[in-house]
Amino acid sequence: MAKESPKEIFLKDYKLPDYYFDTVNLDFILKEEHTLVHSKIHVISRQGTLSPLRLDGVDVKLLSIRINNKVVKEGEDYSLSSKHLILHHPPATQFVLEITTEIEPQNNTALEGLYKTTGNFCTQCEAEGFRRITFYQDRPDVMAKFTTRIEADKSLYPVLLSNGNLIEQADLPDGRHYALWNDPFKKPCYLFALVADQLVSQDDEFVTCSGRKVALHIWTPAQDISKTAHAMYSLKAAMKWDEEVFGREYDLDLFNIVAVPDFNMGAMENKSLNIFNSRLVLASPETATNADYAAVLGVIGHEYFHNWTGNRVTCRDWFQLSLKEGLTVFRDQEFSSDMGSRAVKRIADVLQLRISQFPQDAGPMAHPVKPHSYIKMDNFYTVTVYEKGAKVVRMYQTLLGKKGFRKGMDLYFERHDGQAITCDDFYAAMRDANNANLANFKVWYSQAGMPS
Ligand code: PHE
Ligand code: ZN
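The rules behind these values
Residues numbered from 1 in each chain as written. Chains lettered and ligands numbered in written order. Predicted model: local features only at pLDDT ≥ 70, side-chain atom pairs only at ≥ 80, totals over all residues. Heavy atoms only, no water. Near = heavy atom within 4 Å. Polar contact = N/O pair within 3.5 Å; in protein donor to acceptor, adjacent residues only side chain to side chain. Areas by Shrake-Rupley, 256 points an atom, 1.4 Å probe, with all protein chains shown as cover. Pairing = 2+ DSSP bridges. Helix = DSSP H or I, 4+ residues; strand = E, 2+ residues; numbered from the N terminus. Axes fitted to C-alpha atoms, helices over the stretch in contact; angles between N-to-C directions. Donors = N, O, S within 2.8 Å, 3.2 Å for Na, K, Ca; no water. Tetrahedral: all angles 85-135°; square planar, octahedral: opposite > 155°, others 65-115°. Buried < 20%, exposed > 50% of the residue type's maximum accessible area, 1.4 Å probe, protein only. Parallel < 35°, antiparallel > 145°, perpendicular 65-115°, else oblique. Left-handed = near helix turned anticlockwise from the far one by under 90°. Contact = heavy atoms within 4.5 Å. Nonpolar A, V, L, I, M, F, W, Y, C, P; charged D, E, K, R; others polar.

Novice: Break down the site of ligand 1 for me, citing the residues and quoting the values.
Specialist: With respect to spatial proximity, 13 residues lie near ligand 1, and among them Glu126, Glu269, Glu303, Glu325 and Tyr386 are the closest. A distance of 2.8 Å separates a nitrogen atom of ligand 1 from a polar atom in the side chain of Glu269. Contacts to ligand 1 include His306, whose side-chain N or O atom sits 3.5 Å from an oxygen atom. Protein contacts shield 95% of the accessible area of ligand 1, which totals 330 Å² for the unbound molecule.

Novice: Tell me about the sheet that holds strand 8 (residues 84-87), and please be specific about residues and values.
Specialist: Sheet strands pair by backbone hydrogen bonding; their relative direction is either parallel or antiparallel. If you walk across this open sheet you meet the three strands as 4-8-7, and the pairing is antiparallel. With partners counted over all chains shown, the strands left at the sheet margins are strand 4 (53-56) and strand 7 (78-80), one partner each. The sheet shows a mean angle of 15° between the axes of neighbouring strands, taken without regard to direction. Bridge count for strand 7 against strand 8 is three bridges, and the pairing is antiparallel. Within strand 8, the position partnered with Leu80 by the bridge is Leu85.

Novice: Explain the coordination of the zinc ion (ligand 2) to me, and be specific about the residues and the numbers.
Specialist: In this structure, His302 (NE2), His306 (NE2), Glu325 (OE) and Glu325 (OE) serve as the protein donors to the zinc ion (ligand 2), at separations of 1.9 to 2.8 Å. One can describe the site at the zinc ion (ligand 2) as irregular: its six donor atoms subtend angles covering 50 to 162° at the metal. We note that the donor set of the zinc ion (ligand 2) lies within a single chain, spaced as H-x3-H-x18-E. Of the two residues, His306 sits in the loop between helix 2 (290-305) and strand 22 (314-315) while Glu325 sits in helix 3 (residues 321-339), which places them 19 residues apart along the sequence. Using a relative accessible area of 0% as the deciding quantity, one classes His306 as buried. By relative accessible area, Glu325 is classed as buried at 1%.

Novice: Break down the packing of helix 1 (residues 229-246) against helix 2 for me, citing the residues and quoting the values.
Specialist: Direction vectors running N to C along helix 1 and helix 2 enclose 45°, while the axes themselves pass 9 Å from each other. Taken together, the axis directions place helix 1 and helix 2 in an arrangement best described as oblique. As helix 1 runs across helix 2, the sense of the crossing is right-handed. Contacts between helix 1 and helix 2 involve His230, Ala231, Tyr233, Ser234, Leu235, Ala238, Met239, Trp241 and Asp242 from the first element and Tyr293, Val296, Leu297, Ile300, Gly301, Tyr304 and Phe305 from the second. Per-class residue counts for the contact of helix 1 with helix 2 are twelve nonpolar, three polar and one charged.

Novice: Explain the packing of helix 5 (residues 383-416) against helix 6 (residues 423-434) to me, using residue names and the numbers behind them.
Specialist: As a packed pair, helix 5 and helix 6 sit with axes 7 Å apart at the nearest point and diverge in direction by 110°. Looking at the two axes, helix 5 sits roughly perpendicular to helix 6. For the element pair helix 5 and helix 6, the recorded crossing hand is right-handed. Only Asp425, Phe426, Tyr427, Ala428, Ala429, Met430, Asp432, Ala433 and Asn434 of helix 6 make contact with helix 5, whose side of the interface consists of Tyr396, Leu400, Gly404, Phe405, Lys407, Gly408, Met409, Leu411, Tyr412, Arg415 and His416. A per-class count over the contact of helix 5 with helix 6 returns twelve nonpolar, four polar and four charged.

Geometric descriptors of this kind do not, in isolation, establish any biological role.
This is the structure in structure tokens:
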């Protein structure tokens, strides 16, 4: 295997994918010594392409590849390096690609991809963790419909969760069982999630504005379940608020939240299976402060709001991260303001901006809300992308008024539902919905630092 060193990636080099993935069937056999992942992808080539298909893969062992049910040969048909699997000449127009890989979640300490935490299986795929699960085009502009089958020991892992709706679940010989999940919405692989765990759930229900019933579950280890009341309250409040303020209804019959003790980044908006660090879900009157309660409300809201701003409408590439994060932080700020005190929330947010973002913008780490380049994407989840990005979104609302901003949001969803897009597209929706002259506004995205 050839070694590949880290490379700087530039926004200006963005190219459309040559191959799209239509449907993806994933099959996980979870075992203690290793996990087998079988993927079956319906691939569609962009018209006229003759280029090789390059798949990302890190720390995954390739067991087999088939194209249209035929075994392909290393060297002749494909080559492998430490980070890629390249299919040299895939069939024209469309084909079925099947790949079997072996991974070791129990030895995965990256907290990315599929890993074990306190004895249980859990995933984290944003930004580029899916490539640690199987070979894939690990980029957000490749959106596919996922079906996921999970098989595991029943006594060790009674709860098997993934994205979308639960299609079937049954026992297997040797004390094993499986669950089959189907997510009807196209999504990038960074929104994929899987959990196999010993958990219990607090259950509730939300009736949407059009009268659909949505089953709500918050999953935790048994000893924590009594501390989930505020999280459930927050989730229902967020669902209602998004309907009332932005006209956004939830789109599946099921919504799951999982709280796990080891989770690097706070929380993650995986489609219909949000995963949180426990500290952002659990709260009890005996131990939680007002600030803890406010944080749970804000983060539960934030991850829920991503369903529309992030998941249904997603980013074309990681340079556009603020498209979903700036906008979703703005939305969670507005939510917390409406649920509590607008003035107190605003003071807290401005204070945070001044304490953490202003120094970043004034120092050697300064970068634009929409960066021009990166080496490792994980380092770009910054206060500039999130908090300054939210302020840039707030400026549209200040310039266009609340009504004008809502018109812009409506046009944004109308144009871009199901798409992977750019900050320019968001700008264009705001401008076009209001016939506004927003000349010079884009500088806020492309230029670092504070204007004088
Ligand atoms: N997308 C998450 C959020 O802001 C944050 C996150 C980024 C979590 C990367 C994990 C990894 O809601
Ligand atoms: Zn977010």
